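So you can see what is in the structure, the chains are spelled out below.
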Amino acid sequence: MATYATNEFRPGLKVLLEGSPCSILENEFVKPGKGQAFSRVKFRNLNTGRVWERTFRSGETIEGADVLETDMEYLYNDGEFWHFMKTDGSYEQFEAAATAVGDARQWLKEQDVCSVTLWNDSPISVVPPNFVELEVAETDPGMRGDTAQGGNKPATLSTGAVIKVPLFIEIGEVLRIDTRTGEYVSRVRD
Amino acid sequence: MTEANDWAPSCAIETLHARAAALAATRAFFAERGVLEVNTPVLASHTVLDPAIESIAIGGRYLQTSPEYHMKRLLAAGAPSIYQLGPVFRQGEQGRWHNPEFLMLEWYRLDFDAERLMLEVEELVDCLLGPRPYLRIPYRQLLADRFGIDIDTASAGDLADICAQLGYKASPATPAEEALDLMLAAALNDHGKGRVFVTEYPASQAALARLSVSEGRPHAERFELVIDGVEIANGYHELADPDELAQRMAADAEKRRASGLPVPKRDERILAAQHHGLPNCAGVALGFDRLLALKLGTNGISPVLAFDWNRA
């Protein structure tokens, strides 16, 4: 893998930092007038999602990370791994462990296309589509006549996710959810 | 940058007006005080030996990183107090607050010391940015307040620990100056808003300032003005002794050699000028683009340059 010097650090560059694949968020050139030049760099650790801040001597190099984000279709869960398939026509399949799938698991529906990050050809994170359509598996009975405003109740979706929904929602209805906020958007009519 | 719109200026057209007005105000400021405007060479046969400043060599000559040596030669030859507004060049210094070519305002005042020059810097900055209060914090105190250490007694291990807290991989073998540079940058960055003069630099960071002793400890009569965390100006009560200047140049050359950096030939003319006699004076260099950026509230200097490095 290539190495990169501090002057090549750009937002989005994928590098290996202390053994973890990271994406560079920000690189600030810092130099006291007469003093040593530094790069103050913010990284996102792609394994944990945490932001790291490190300072380097100007000109220092770090190793690049073989990280690739690709679209993949979610296939199924075998009880241990989540299986995905590339959408580029190669039908190449990958299995992702629970640590890689993380909170995305509650939004995964078969055949939805997700963004999967591969490091050395293994999935390390999964981002579900921004909007998913999921069926309500369980919720308190709907209250008619209260369709417009006020109040909500918990509902369990087919994937196991629990979200807040308006009082009029019934079991079996399909809902549109914003996965970035985990919020109900609307009912989906057939 | 190879974007289709990179023909266009980095700054807005109204910024050109603001720049011109600030330049006019600066020239009026010095005219009022009887300080003479001069122009010295931008491309010259010699350059500085500072270990952390890289010159751009071109055609066997160097683009000047500061007009300091030429201006001091004018002073040694009998010039009165002088100032200069002109471009200077520093290889590889590019970032939000850096551009490899930038506009330097540099001036020298006969019979001023550091304190008197700081007062004049205040007047100029007040004139361009509007009046505000100024703090003066000795270098040692700034680092003691921020990191709880006395830099005179701290061990290499103490400094390495602080570097680690700052997300910097240092070891006890890291040069103390490198650790101090990092700590100073962090302390200034954390200091936040306001106008601060950092004063009384450690002797190891004297650059071309003369040394003096207070409370039994030597310090350099050097100051830096920092506004809202951005370094604006660096000034000295100028070192006049040519022998000490020669020693510092030799020490800088040695550091460059040890780090595998190119070692330009030392400038014999500045030494000869100081042998002839540099009058008692204080001088300061001020990054004009940064000052303008602070005036206009842009978060960096690109938006105040007609064409930044990527468009030049």
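See the structure printed just above.
Residues numbered from 1 in each chain as written. Chains lettered and ligands numbered in written order. Predicted model: local features only at pLDDT ≥ 70, side-chain atom pairs only at ≥ 80, totals over all residues. Heavy atoms only, no water.

(A) Structural view of the side chain of Gln84(B). All names here are of chain B. Tracing the sequence through the fold places glutamine 84 in strand E5 (residues 82-89). Residue glutamine 84 is classed as buried on the basis of its relative accessible area, which comes to 6%. In this structure the side chain of glutamine 84 is engaged in a polar contact, spanning 2.6 Å, whose partner is the backbone nitrogen of threonine 40. Not counting the four nearest positions on each side in its chain, glutamine 84 is found in contact with Val38, Asn39, Thr40, Pro67, Met71, Met104, Leu105 and Glu106. (Helix = DSSP H or I, 4+ residues; strand = E, 2+ residues; numbered from the N terminus. Buried < 20%, exposed > 50% of the residue type's maximum accessible area, 1.4 Å probe, protein only. Polar contact = N/O pair within 3.5 Å; in protein donor to acceptor, adjacent residues only side chain to side chain. Contact = heavy atoms within 4.5 Å.)

(B) How the structure looks around the pairing of strand E7 (residues 67-77) of chain A. All names here are of chain A. Relative to strand E10 (residues 113-119), E7 runs antiparallel, the two being bridged by 7 bridges. Pairing of glutamate 73 across the sheet is with valine 113, part of E10. Note that E7 and strand E8 (residues 82-86) share 5 bridges and pair antiparallel. Bridging across to E8, glutamate 73 finds its partner in methionine 85. (Pairing = 2+ DSSP bridges.)

(C) Looking closely at the pairing of strand E2 (residues 14-17) of chain A. All names here are of chain A. Note: E2 against strand E3 (residues 20-30), 4 bridges, orientation antiparallel. Within the sheet, the bridge partner assigned to lysine 14 lies in E3 and is serine 23. With antiparallel pairing between neighbouring strands as the criterion, E2 and E3 make up a hairpin whose turn holds 2 residues, including glutamate 18 at a positive phi of roughly 50°.

(D) Layout of the sheet that holds strand E15 (residues 174-178) of chain A. Residues and elements named next belong to chain A. With antiparallel pairing, the 5 strands of this open sheet are ordered in space as E14-E13-E12-E15-E16. A strand with exactly one partner marks an edge of an open sheet, and here the two such strands are strand E14 (162-166) and strand E16 (183-188). Averaged over neighbouring strand pairs, the angle between their axes works out to 55° when direction is ignored. Looking at chain direction, strand E12 (residues 131-139) and E15 are connected through 5 bridges and run antiparallel. Each bridged residue has a counterpart across the sheet, and for glutamate 133 the counterpart in E15 is arginine 176. (Axes fitted to C-alpha atoms, helices over the stretch in contact; angles between N-to-C directions.)

(E) Region of the structure containing the environment of Glu28(A). Within the secondary structure, Glu28(A) is located in strand E3. As for Glu28(A) and Phe38(A), which are separated by 10 residues in sequence, their C-alpha atoms are 8.3 Å apart. Apart from the residues lying within four places of it in its own chain, the contact partners of Glu28(A) are Phe38(A), Ser39(A), Arg40(A), Arg96(B) and Trp97(B). Within the structure, the side chain of Glu28(A) is placed 2.8 Å from the side chain of Arg96(B), a separation counted as a polar contact.

(F) View of the side chain of Asp112(A). All names here are of chain A. Positionally, aspartate 112 belongs in the loop between helix H1 (98-101) and E10. Lysine 109 provides the closest opposite charge to the buried, salt-bridge-free aspartate 112, at an N-O distance of 4.6 Å. When sequence neighbours within four positions are dropped, the list of residues in contact with aspartate 112 reads Met72, Glu73, Tyr74, Pro129 and Val132. (Lys, Arg positive; Asp, Glu negative; His and termini not counted. Salt bridge = Lys/Arg side-chain N within 4 Å of Asp/Glu carboxyl O.)

(G) Quick look at the pattern of salt bridges. Residue and element names in this part refer to chain B. Under the definition given, this model contains 31 salt bridges over all chains. For the salt bridge of arginine 19 with aspartate 289, the shortest nitrogen-to-oxygen distance reads 2.7 Å. With arginine 19 in helix H1 (residues 13-32) and aspartate 289 in helix H9 (residues 288-296), the pair connects residues that are 270 residues apart, well separated along the chain. Between glutamate 268 and arginine 266 there is a salt bridge whose closest N-O contact spans 2.8 Å. One salt-bridge network, held together by shared partners, links Glu32, Arg33, Arg109, Glu120 and Glu123.

(H) Main features of the sheet that holds strand E3 (residues 56-58) of chain B. Residues and elements named next belong to chain B. Spatially, E2-E4-E3 is the arrangement adopted by the 3 strands of the open sheet, whose pairing is antiparallel. If you trace the sheet from one side to the other, it starts and ends with strand E2 (43-44) and E3, each paired once. In the sheet, E2 pairs with strand E4 (residues 61-63) via 2 bridges, with the strands oriented antiparallel. Its bridge partner being in E4, leucine 43 is matched across the sheet by leucine 63.

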